[in-house]
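Read off the chains here:
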Amino acid sequence: MKRTLTGPRTGRGVAIVVAAFLVSFAIRAASQADLTDADLDRANNGRTIAIGSLSGDRGLARLALETYVARVLAGEAEPNAPDAELEALAIAIRTYATFNAGRHARDGFDLCDTTHCQVMRTATAATRRAALATAGQVLTWRGAPAEIFYSANCGGRSESASAVWPGADLPYLKVVKDDVHEDDLPWRYTIALRDVQALLAQKGFAGDHLKDIRIASHTESGRVAALRLSGLEPDLIAGDQFRLLVGARDLKSTAFNVEKHGDRLEFSGRGYGHGVGMCVVGAGRRARRGENVREILAQYYPGLAVTSLDVLPPRFRTDSLTTTNAARPVPVPAPVAVPQPRGTAALTPPAAPPATSARPTVAIRGAASAADLQPLAARAQDAMARALGLAVTPLTIDAHDTVESFRQATGKPWWVSASVNGAIVDLAPLALLTQREGVEMTLRNAMAQAMVAAELSGRPEWVRVGAGRYFSRQTPLMLPGPGTRVKCPADAELTLAISAVAQREAESRAETCFARAYAATKNWRDVR
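Each value, and the rule that gives it
Residues numbered from 1 in each chain as written. Predicted model: local features only at pLDDT ≥ 70, side-chain atom pairs only at ≥ 80, totals over all residues. Heavy atoms only, no water. Helix = DSSP H or I, 4+ residues; strand = E, 2+ residues; numbered from the N terminus. Buried < 20%, exposed > 50% of the residue type's maximum accessible area, 1.4 Å probe, protein only. Contact = heavy atoms within 4.5 Å. Areas by Shrake-Rupley, 256 points an atom, 1.4 Å probe, with all protein chains shown as cover. Salt bridge = Lys/Arg side-chain N within 4 Å of Asp/Glu carboxyl O. Pairing = 2+ DSSP bridges. Axes fitted to C-alpha atoms, helices over the stretch in contact; angles between N-to-C directions. Disulfide = S-S within 2.5 Å. Expected span 1.5 Å × (residues − 1).

1. A short note on the overall build of the protein
Argument step 1. Within the protein, the secondary structure is distributed over 18 helices and 19 strands.
Argument step 2. Per-residue burial over the protein gives 52% buried out of 528 residues.
Argument step 3. Across the protein, contacts joining residues at least 24 apart in sequence account for 71% of those joining residues at least 6 apart.
Argument step 4. Here the protein has roughly 23500 Å² of accessible surface; of this, 52% comes from carbon and sulfur atoms.

In C-alpha cells, the structure reads:
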C-alpha cells in the first residue's frame, strides 16, 4: 500500500519530520513507562473532536483526536489484541472520525459514543501505544480521507458497502475473501414465528398470519439480500433490515440460513456485524501469523493509501474538526407569489390564514448553494401553507452535497430525495434532485409532509405521504376509474422499500388513496 508522506523538507516538511521524530521518541520511552493522555496530546498537533451522547445524559466532551482513538480502540478491538491489529484498527478509527466529523452537527457535536458511530472505553497502555505509533495517519482515496467501515467478524468473506447501504458504491469496499476463518463454528438462534410477526407489525407490515420466512436472494458475498414473508404485506424485506428488526445481538449477521420447524424459525450463520471493510477478528489472526499493519490494511481496504493528516488540505488539518464540517444557517428571504397548486379539478384547497414573518433556514453543506435554494424554499413553503390553509412555521432545510452525507444523516437509501423529521428537512444533492422530480417539487412535497405531520399523527403512513404528493403537485392527478381497486400501501412499503421501483409504486398508491379520501371528506384533516 502506498505511503504518501512525501514532500520537501522545508517549512511544513521539516515540521512533519520533527513530529515523526517526537512520536518515535515517545514510543521508545513507552517501553519504560506507561503512556498517558498527555503523551498523546504532544503528538496530536492540536486536533480535537467533540463527542456527545445520543441520550444527552453524559454531556459533551471535546477530546484530543489521538486520545479519542485510544479510547475507541479500547471499545472496538479484541481483548489482548496484537500490536499490528491495534495499529491497523487505530488508522481505521482515525479515518472514520475524520471523514465523519460533523455527523451529529445538528446535535452540537461531531460523533456519538454508541455503535451508531464508534464506542469508547477507558484507554489502556496498549491502545495508547497503538494510537501514538500511528498518530495522524489516515486512509485516503483521491487525496482525501476515505469513507470506510469495519465490523467485528466477517465470517470468511467481507461484504460490499453497496449491498448494505444502497448507493454507497465505494471501489475499495468490495467483497474480499478472508482466509483466516476456516475453523469458525456457526452461531445459532431460534425464535417463534409469532414473535417475528409481532416485530414486523410494529414496523408497519400488514397481515394476520406469518406462515413462513424464506431467503429470496443473496448478495455477492453470500449474505441474505432479501427474505420472503409468506402471509404479510409487503412480502419482502431486506436482509439487513430484518436483522436489525429481530436484534443484531441475536441475529449476528446476514450470513445465515433459516429453516422453519413447527412454529419456530431456526437460524444458523457465520460472522458478527455488517461485514464491510476491516474484519477486526480477521485482522487479529493476520497479525498473529506475522502480517504487518500495511498488509492488514491492504487486505481489507485495497487501493487506499496511508497518509499523514499533516499533508492533507487545510480543511482536514484544522484544530477543530467540528468547525470545518458543521452546517451554516442562512436566512431565506420573503416568499414570492406563485399560482395556486392544482390537485383533482373538483377539489378546492382551503384558504390560508395570513402568513407570518417566520421563514425557514437553509443549512448549507458542501457544494449546496444558498443563493439558488433560498427563493425556491420560500416559494415552496408559501405555496404549501396556502394550499393546506396553515400559517407559515419555521423549518430547517439541510441540503447535502453528496449522497453519502444524505445517507449518513437520514439512514435512507440513494433513491430517496428528501427525509422529513419534525421541523427538519434533509435534501439529497440538488444536482440529483434536478434529474428526478426537480428541486422545487421535492421541496413542496417535503414541506407539505412536515406541515401536516402533527395533525395526521397516529394515522397510516400513506396519509402523510399521500398528502405531501397530492398538495405538492402542479398538474391535475388523474385518478383511476370508480371501479378500479387501489390498495393503500402498508407502512413498511413506504418506510422499508427494498428498491426504487417499489418505493415509487407505493408512494403513487399512497397519493391515489389520499386523493380519493380527500374527495370524500373535503378536509385533509379528516383523511384516515
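2. Quick notes on the pattern of salt bridges
Argument step 1. This structure, assessed with the given rule, holds 29 salt bridges.
Argument step 2. Between Asp398 and Arg106 there is a salt bridge; the shortest N-O distance is 2.9 Å. Here Asp398 is found in strand β17 (residues 396-399), whereas its partner Arg106 is found in the loop between α4 (83-100) and β3 (111-112), with 292 residues between them in sequence.
Argument step 3. Look at Asp398 and you get buried, because its relative accessible area is 4%.
Argument step 4. The salt bridge partner of Arg286 is Asp179, with a shortest N-O separation of 3.2 Å. Within this pair, whereas Arg286 is found in helix α9 (residues 280-288), its partner Asp179 is found in the loop between α6 (161-164) and β7 (187-192), the two being separated by 107 residues in sequence.

3. With respect to the sheet that holds β7
Argument step 1. Pairing in this open sheet of 3 strands is antiparallel, and the strands run β7-β12-β11 from one edge to the other. Each edge of the sheet is formed by a strand with only one pairing partner; in this case those strands are β7 and β11 (256-261). Taken pair by pair, the neighbouring strands of this sheet meet at an average axis angle of 20 degrees, ignoring direction.
Argument step 2. Sheet topology places β11 next to strand β12 (residues 264-269); 6 bridges connect them, and they run antiparallel. Its bridge partner lying in β12, Glu259 is registered against Glu266.

4. So, the state of the cysteines
Argument step 1. A full pass over the atoms with the stated rule returns 1 disulfide.
Argument step 2. Between Cys154, a free cysteine, and Cys279, which holds the nearest cysteine sulfur, the sulfur-to-sulfur gap is 3.7 Å.
Argument step 3. By relative accessible area, Cys154 is classed as buried at 0%.
Argument step 4. Cys279 gets classed as buried once you look at its relative accessible area, which sits at 0%.

5. With respect to the sheet that holds strand β1 (residues 48-52)
Argument step 1. Across the sheet, 3 strands lie side by side as β2-β1-β3; this open sheet has mixed pairing. Two strands in the sheet have a free side with no partner beyond their single neighbour: β2 (61-64) and β3.
Argument step 2. Along the sheet face, helix α3 (residues 65-76) touches β1, β2 and β3 and points at about 95 degrees away from the line of β2.

6. A few points about helix α16 (residues 461-472)
Argument step 1. Between its first and last C-alpha atoms α16 spans 17 Å; for 12 residues at 1.5 Å apiece the expected length is 16 Å, and the two agree.
Argument step 2. Most of α16 sits inside the fold, with 10 of its 12 residues counted as buried.
Argument step 3. Those residues of α16 that sit buried are Glu461, Trp462, Val463, Val465, Gly466, Ala467, Gly468, Tyr470, Phe471 and Ser472.

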